[in-house]
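# Results of the structural survey
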Amino acid sequence: MTDACSFVFSEELLNYKFGNNHPFNQFRLKLTVDLLHKLNALDNIQIVTPRMATEEELCLVHDPSYIDAVKMAGYGKLPQQVAENYGLGTEDTPIFPKMHEASALLVGGTLTAVDQVMTGQAVHALHLGGGLHHGFRGKASGFCIYNDSSVAIKYLQKKYNARVLYVDTDAHHGDGVQWSFYDDPDVCTLSIHETGRYLFPGTGNVNERGQGKGYGYSFNIPVDAFTEDDSWLHVYTQSIKEVAAFFKPDVILTQNGADSHYYDPLTHLSATMKIYREIPKLAHEIAHQYCGGKWIAVGGGGYDIWRVVPRAWALIWLEMTENSNCYGSLPQDWIEYWQEKAPVSLPMNWDDPADLYKPIPRKAEITEKNLLTLEKALYPIRNSQKSESKK
């Protein structure tokens with residue numbers, strides 16, 4: 001029998017919208033949910049409606065003055081000069097009507113998922129509307145107004161006294177979450193992302209390991225541009241296994257950005273759907289091995305909303321519910337319905353073709369570089385294990 005799972009969703013999550021030409025497009029939620037419906041993967045499932053996060057909950061991470069600024073901006077009452085000081089009204093994070101309400105709902109959706117798992121109503125919970133990992137205490141950044149994962153982790157600590165392992169597989173470094181817990185030994189952050197040499201936000205170096213009591217609880221593995229499936233998966237598999245064994249969490253929170261794919265327009269990695277099969281599979285195993293199954297998953301980046309995100313995010317739910325209906329062809333009725341509206345040709349199958357792109361000339365060099373990065377990132381754990389074995 002599969003574990004009880006909660007799917008957190010509401011059409012209101014689509015109100016988080018910067019504009020028709022902005023790369024961050026929550027319409028991907030609708031495409032994913034419809035794909036799951038066409039697979040009958042949401043049959044007999046009580047879809048849980050997200051609640052709005054309270055101001056008190058937002059203040060677990062964000063400054064009250066910043067929250068007030070977001071509210072005023074959403075009603076056109078924040079002067080442009082003041083807005084820019086808060087990272088609002090920029091090209092990345094434009095102001096839109098009722099932005100506080102839309103953002104607080106995204107945070108509340110992640111808190112809803114947390115409560116579902118921590119009260120025992122579900123063993124696993126998925127909130128694809130969340131995963132906004134760049135938001136800071138007093139500033140919006142990288143399409144993120146409030147940081148739902150940071151708020152959720154503080155909430156997990158305060159309400160449930162939990163030690164949290166946060167795993168971020170977005171192509172962009174999970175900077176906002178990392179800095180929120182940089183000095184906290186009860187939160188361990190693991191981020192696998194494209195090197196910041198060429199990509200926003202430019203952070204996430206191997207030597208960012210935490211500070212004070214939190215030193216040694218921040219892990220970063222910046223992979224090289226054009227990294228392919230096998231190298232990416234080796235890095236992910238080794239790091240999540242070793243970090244989880246080191247930290248032994250009470251609960252795992254995974255951020256599932258789907259922007260490491262070759263098709264993604266904002267990044268430079270060369271992954272295919274192969275990694276999106278394995279990411280949730282291993283997270284699922286780790287959750288059962290260390291956390292009694294407690295696993296909360298959120299969305300994140302993903303800017304090819306037609307060809308990549310629906311498949312990648314549907315696979316998280318299908319893994320959670322141990323549903324094997326994710327091989328071969330995609331549902332024909334899903335393809336036919338959305339193809340009329342899509343600006344690109346939709347994929348016909350769950351998996352990408354072997355010849356999705358031309359061979360990468362530097363494959364061996366990139367793979368070797370990623371191996372060295374992995375060793376540097378995990379050196380403190382491995383070194384301490386060697387020391388223990390010598391005693």
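Residues numbered from 1 in each chain as written. Predicted model: local features only at pLDDT ≥ 70, side-chain atom pairs only at ≥ 80, totals over all residues. Heavy atoms only, no water.

This paragraph deals with the environment of Arg 28. Mapped onto the fold, Arg 28 is located in helix α1 (residues 27-38). When its relative accessible area of 1% is taken as the criterion, Arg 28 is described as buried. Between the C-alpha atom of Arg 28 and that of Asn 349, which follows or precedes it by 321 residues, the distance is 18 Å. Not counting residues up to four positions away in its chain, the partners in contact with Arg 28 are Gly 300, Gly 301, Gly 302, Ile 305, Val 309 and Trp 313. (Helix = DSSP H or I, 4+ residues; strand = E, 2+ residues; numbered from the N terminus. Buried < 20%, exposed > 50% of the residue type's maximum accessible area, 1.4 Å probe, protein only. Contact = heavy atoms within 4.5 Å.)

Attention now moves to the pattern of salt bridges. If you walk through the whole model with that rule in mind, you get 17 salt bridges. Taken together, the salt bridges that share partners define one network made up of Arg 197, Asp 224, Arg 362, Glu 365 and Lys 369. (Salt bridge = Lys/Arg side-chain N within 4 Å of Asp/Glu carboxyl O.)

We now examine the sheet that holds strand β5 (residues 218-223). With respect to topology, 7 strands assemble into an open sheet ordered β1-β2-β7-β6-β3-β4-β5, the strand pairing being parallel. The open sheet is flanked by β1 (5-7) and β5, the only strands paired with a single partner. Shown here is a sheet whose adjacent strand axes are inclined to one another by a mean of 10 degrees, direction ignored. Pairing analysis gives 3 bridges linking β1 to strand β2 (residues 124-127), with the strands arranged parallel. In the sheet register, Phe 7 faces β2, and the bridge partner there is Leu 126. (Pairing = 2+ DSSP bridges. Axes fitted to C-alpha atoms, helices over the stretch in contact; angles between N-to-C directions.)

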